[in-house]
Amino acid sequence: MSLEVEDVTKIARLARLEIKSGDVEHYASELSGILDFVDRLNAADTSAVTPMAHPLEQVQRLREDEVTETNQRELFQSIAPEVEDGLYLVPKVIE
Amino acid sequence: MEWEVVIGLEIHAQLATKSKIFSGASTAYGAAPNRQACAVDLGLPGVLPVLNKEAVRMAVKFGLAIDAEIAPRSVFARKNYFYPDLPKGYQISQFELPVVGIGHIDIEVDGKVKRIGVTRAHLEEDAGKSLHEDFHGQTGVDLNRAGTPLLEIVSEPDLRSAKEAVAYMKKLHELVRYIDICDGNMAEGSFRCDANVSVRPKGQEEYGTRAEVKNLNSFRFIEKAINHEVERQIDLIETGGKVVQETRLYDANKDETRSMRSKEEANDYRYFPDPDLLPLEVDEALKAAIRKTLPELPDEKRQRFIDEYNLSAYDAAILTATKELAGFYEQVVKASGADPKLCSNWVTGEFSGALNKAGIELSDSPINAEQFSGLIKRISDETVSGKIAKQVFELLWEEGGDADSIIEAKGLKQITDSGAIEAIIDQIIADNQGQVEQYRGGKTKLMGFFVGQVMKQTQGKANPGEVNKLLKPKLDG
């Protein structure tokens, strides 16, 4: 399977990655190479195998529904670039 | 051309847990910004999500209540997108393997029952809130809501009108409150809905292109927003245009939907299983244990009220609208020992009316079931007439106490002593000879005048049945 230049540009945009236009071809070919490995894995007959959701053969442990966290806002916000009235401030986003 | 409307709803019900779905932070509503957002909710490096047992139980409970398949094994996935109120850059949700599979719910519209399919219901975390006003051109982010457990309930595209959509949503709203998994507070966003709306020519098999209408947080808005969107799509097609698949936001102030273009590009969420979470297993023993906690469901309760108390479908529906009102009613029936129909009339009439007028919930009622039963008893044994009972009710509501003391203290006891009533009637007949002549001359409508006089003399306390029985022969002479 091969990825086109447009695929790479799209994936990069969705992942918010900045890629230099000169590098796109290179990434396309490298990523295509990885997908070729996946194709080889896909060639194996797995019809009798239950798909795995996690490499560990274990099930999720559950916690009791109890409030165990206390307010640490000041500590967390001490590393935030900008805060006001208890809110984290970010560049304007509007729908 | 005749068009058919096709609607599917995605309902988000906030699960009423004490702590968040993957962290031990509180979910209480209304805290000061970011005081309930812990390191896990903020997505700080090195934290791990740990699943809340109660959220799982509630999801399963819902599944059992709609007769759905419960997945023995379900998987959490990452839904990837960037937005400031989603600090991790992904929302933990369920994708391929949701905890609740296919189920159904029956709705009733215009007297007809229709079964609506529920495709699935899955667990996920809520995002935070962005506030766009007043921050010097910046956006403020409050992450208290981030990580609040949600159950997303997805319907089949089985709904054929805005009315059906509202009926379905109301039915679910009632159900989640009955089974105590969601407080249903729509104003606080605990129960909200997105609608997938499309139209197709009547008779056509395949669905038309759908638009998703977001931000529907009241029953009234849903109906208006869907009707508006249907009209927009039909107009568009009939004038040669094409519906595009997109997300539209309902603006209640303008009563219109508008495109959210920014969401379109983001519609590629690249789901994959979350490596931080192991598969969730729900075995038969857990399912059985949860099934035991299911209360009588609304439809069952309604039918029982009709059968057991001999109520009309209409009365039964009003009384079972909430579990609390139904419980109140049954307590009154039991404690008063009165005719269930009489109890129903007073609970749905005077009592519910007073709650509505005061704008309060049943839990805040100044009158409890015991006090109310005290009054019903006295109506039932004819100590007071219906009219006087209303006065007693008002006094109970305003001043508290119990019906018997009020009746005693205010001297409101009905006069059933026929001797006493007879004496009053004789006096009135003697005082109103003119009207008696007219009555005997054929103006029988004057009966009402005499009854009124007796009631006036007795301040409404005379037993009306007794008055009529005694009055008529005397007037007829």
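About the cut-offs
Residues numbered from 1 in each chain as written. Chains lettered and ligands numbered in written order. Predicted model: local features only at pLDDT ≥ 70, side-chain atom pairs only at ≥ 80, totals over all residues. Heavy atoms only, no water. Helix = DSSP H or I, 4+ residues; strand = E, 2+ residues; numbered from the N terminus. Rg over C-alpha atoms; globule rule 2.2 N^0.38 Å. Buried < 20%, exposed > 50% of the residue type's maximum accessible area, 1.4 Å probe, protein only. Contact = heavy atoms within 4.5 Å. Lys, Arg positive; Asp, Glu negative; His and termini not counted. Charge placed at Lys NZ, Arg CZ, Asp CG, Glu CD. pLDDT = per-residue confidence, 0-100. Salt bridge = Lys/Arg side-chain N within 4 Å of Asp/Glu carboxyl O. Polar contact = N/O pair within 3.5 Å; in protein donor to acceptor, adjacent residues only side chain to side chain. Nonpolar A, V, L, I, M, F, W, Y, C, P; charged D, E, K, R; others polar. Expected span 1.5 Å × (residues − 1). Axes fitted to C-alpha atoms, helices over the stretch in contact; angles between N-to-C directions. Parallel < 35°, antiparallel > 145°, perpendicular 65-115°, else oblique. Left-handed = near helix turned anticlockwise from the far one by under 90°.

Novice: Which residues make up the overall build of chain B, and what are the values?
Specialist: The helix and strand inventory of chain B stands at 17 helices and 16 strands. Over its C-alpha trace chain B gives a radius of gyration of 30 Å, far above what one expects of a compact globule, namely 23 Å for 477 residues. Its C-alpha atoms give chain B principal-axis dimensions of roughly 95 × 55 × 55 Å. Put simply, chain B has 477 residues, and 51% of those count as buried. The contacts in chain B between residues at least 6 apart in sequence include a share of 68% that link residues at least 24 apart. Side chains of chain B carry 60 positive and 75 negative charges; the gap between the two charge centres is 1 Å.

Novice: An account of the confidence of the model for chain B is needed here, citing residue identities and associated values.
Specialist: Confidence in the prediction for chain B averages 92 pLDDT; 99% of positions are at 70 or higher. At the level of chain-chain contacts, confidence expressed as ipTM amounts to 0.90, with global pTM at 0.85.

Novice: Run through the interface of chain A and chain B, naming residues and quoting values.
Specialist: Across the boundary between the two partners, chain A contributes 39 residues, which contact 55 residues of chain B. Where chain A meets chain B, there are 2 salt bridges. Where A:Lys10 meets B:Asp268, a salt bridge forms, and the shortest distance between an N and an O atom there is 3.0 Å. Counting the contacts that link chain A with chain B gives 26 residue pairs in polar contact (both at pLDDT 80 or more). Within the residue set of the side of chain A that touches chain B, elements represented by two or more residues are helix H1 (5-14), strand S1 (62-63), helix H3 (73-77) and strand S3 (87-91) of chain A. When its residues are assigned to classes, the side of chain A that touches chain B shows 17 nonpolar, 7 polar and 15 charged.

Novice: Pulling in residues and values, what's your account of the environment of B:Leu278?
Specialist: Residue position: B:Leu278 is located in the loop between strand S15 (272-273) and strand S16 (280-281). Along the chain, B:Leu278 and B:Gly63 lie 215 residues apart, while their C-alpha atoms are 21 Å from each other. In contact with B:Leu278, not counting residues within four places along its chain, are A:His54, A:Leu56, A:Gln58, A:Val59 and A:Gln60.

Novice: Any chance you could break down unusual backbone geometry for me, citing the residues and the numbers?
Specialist: Trans is the common state for peptide bonds, and a negative phi is the common state for residues other than glycine. Residue and element names in this part refer to chain B. Positive phi, normally seen in glycine, also occurs at Arg-270, with a value near 45°. Within the element layout of this structure, Arg-270 appears in the loop between helix H5 (261-265) and S15. Phi is positive for Asn-310, close to 60°, though the residue is something other than glycine. Along the chain, Asn-310 turns up in the loop between helix H7 (298-309) and helix H8 (313-319).

Novice: Help me get a handle on helix H9 (residues 323-336) of chain B, residues and values and all.
Specialist: All names here are of chain B. The terminal C-alpha atoms of H9, which comprises 14 residues, lie 20 Å apart, in line with the 20 Å expected from a rise of 1.5 Å per residue. Listed as buried for H9 are Leu-325, Ala-326, Phe-328, Tyr-329, Glu-330, Val-332, Val-333 and Ser-336. Against helix H3 (162-178), H7, H8, helix H10 (340-358) and helix H11 (369-380) lie the buried residues of H9. Downstream of H9 by a residue or two, Gly-337 has a phi angle that is positive, lying close to 65°.

Novice: Could you give me a rundown of the packing of helix H14 (residues 418-431) of chain B against helix H17 (residues 464-476) of chain B, with the residues and numbers involved?
Specialist: All names here are of chain B. Where H14 meets H17, the closest approach of the two axes is 10 Å, and the angle between their N-to-C directions is 45°. The orientation of H14 with respect to H17, classified from their angle, is oblique. H14 and H17 meet at a crossing whose hand is right-handed. For the pair H14 and H17, the contacting residues are Ser-418, Ile-421, Glu-422, Ile-425, Asp-426 and Ile-429 in the first and Glu-466, Val-467, Leu-470, Leu-471, Lys-474 and Leu-475 in the second. Looking at side-chain class alone, the contact of H14 with H17 contains 7 nonpolar, 1 polar and 4 charged residues.

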